[in-house]
Amino acid sequence: MKIFKFNKLIYKIILLISIINIIYIQVYGAELELEHKNYHDKNPFKFKISYTWTSKGQTIKSYDVSEHGQIAIVFSNKTIGVFDNDMNFIYQLSFDTNSTYGALWLGENLLFIDLRSNTAVICDDDGAPKSIYTITAPDNYYNDIVQERSRKQGNYYYYCTNESGNNSMAHYSYYTILKRTLKGREEILYKANILFDGVVAEKLYILSLVVIIIIWFKGIRSFRRKN
């Protein structure tokens, strides 16, 4: 009986530690609810760190700013650039995934996010996976949290946009400009080197779909007339 009570007590302690750990991740993980995940592959997304910035000029998929002002920009070529508060390059993290991806700061640790598998990975200073989690909530975390276009850190307001102007409420496939404002003074932190920005690209995509549909309908009409 004593052994049973002792085992029950141990079980409660383990459960309590697990709950505390999940709460900690919720608070500091940009409102994500994370649970530890076991992976047989120690580096499932093939993370590689580089101290040479090869993604300069690439478009922006998302970004985040840490409590101490470090800026992480997620680029369209499957890399994440990390910069200090003055946009001095620190390091670049490359990875391999066929899913939509992003990154957030978990304290001063970089948290990589893979949408398809709902996986979050904390990377250490060498770019190696430190901890791997399953993202369990909220439901629409990618659009509402990872792809949040405006952020505030300290006295600064950050915002990613496109040069041609766009709907401030919409999410685009990529952005070309990251801005920061302080007391009404605007500063461009990063600008992509690209012919078409996210707004123009989406309009061209929609236009191409319309053209394809029109051609398809004309083809059907022509086929019916012949028969």
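Just so you know, these numbers come straight off a predicted model, no measurement behind them.

Details of the pattern of salt bridges
Pairing of side chains with opposite charge becomes possible as their charged atoms draw close.
Piece 1. One pass over the full model with this rule turns up 4 salt bridges.
Piece 2. A salt bridge links Asp64 to Arg151; the shortest N-O distance between them is 3.4 Å. Highlighted residues: Asp64 in strand β3 (residues 60-65) and Arg151 in strand β11 (residues 150-153), separated in sequence by 87 residues. In this structure, Asp64 and Arg151 share a single accessibility class: buried.

Comments concerning the confidence of the model for the chain
Piece 1. Looking at the chain, pLDDT values average 80 and 70% of them are 70 or higher.
Piece 2. In the predicted structure, residues 13-29 sits below a pLDDT of 50 and forms 15 contacts with residues beyond four places in sequence or in another chain.
Piece 3. Segment residues 197-201 is flagged for pLDDT under 50; beyond a separation of four residues in sequence, or across chains, it makes 17 contacts in the model.

Brief notes about the environment of Gly154
Piece 1. Checked against the element boundaries, Gly154 lands in the loop between β11 and β12 (156-161).
Piece 2. Its relative accessible area of 48% is what places Gly154 among the partly exposed residues.
Piece 3. For the pair Gly154 and His68, spaced 86 residues apart in the sequence, the C-alpha separation amounts to 8.7 Å.

Considerations on the sheet that holds strand β2 (residues 48-50)
Piece 1. Reading across from one edge, β2-β6-β5-β4-β3 is the order of the 5 strands in this open sheet, with antiparallel pairing throughout. Two strands lie at the open edges of the sheet, namely β2 and β3, each paired on one side alone. Here the average twist between neighbouring strands, direction ignored, is 20°.
Piece 2. Sheet analysis places β2 next to strand β6 (residues 89-94), joined by 3 bridges and oriented antiparallel. Across the sheet, the residue bridging to Lys48 is Ser94, located in β6.

Considering the sheet that holds strand β13 (residues 177-182)
Piece 1. The strand order across the open sheet built from 4 strands is β11-β12-β13-β14, with neighbouring strands paired in antiparallel fashion. At either margin of the open sheet sits one strand with a lone partner, and together these are β11 and β14 (185-191). For this sheet, the mean inter-axis angle between neighbouring strands, taken without regard to orientation, is 25°.

Basis of the calculations
Residues numbered from 1 in each chain as written. Predicted model: local features only at pLDDT ≥ 70, side-chain atom pairs only at ≥ 80, totals over all residues. Heavy atoms only, no water. Salt bridge = Lys/Arg side-chain N within 4 Å of Asp/Glu carboxyl O. Helix = DSSP H or I, 4+ residues; strand = E, 2+ residues; numbered from the N terminus. Buried < 20%, exposed > 50% of the residue type's maximum accessible area, 1.4 Å probe, protein only. pLDDT = per-residue confidence, 0-100. Contact = heavy atoms within 4.5 Å. Pairing = 2+ DSSP bridges. Axes fitted to C-alpha atoms, helices over the stretch in contact; angles between N-to-C directions.

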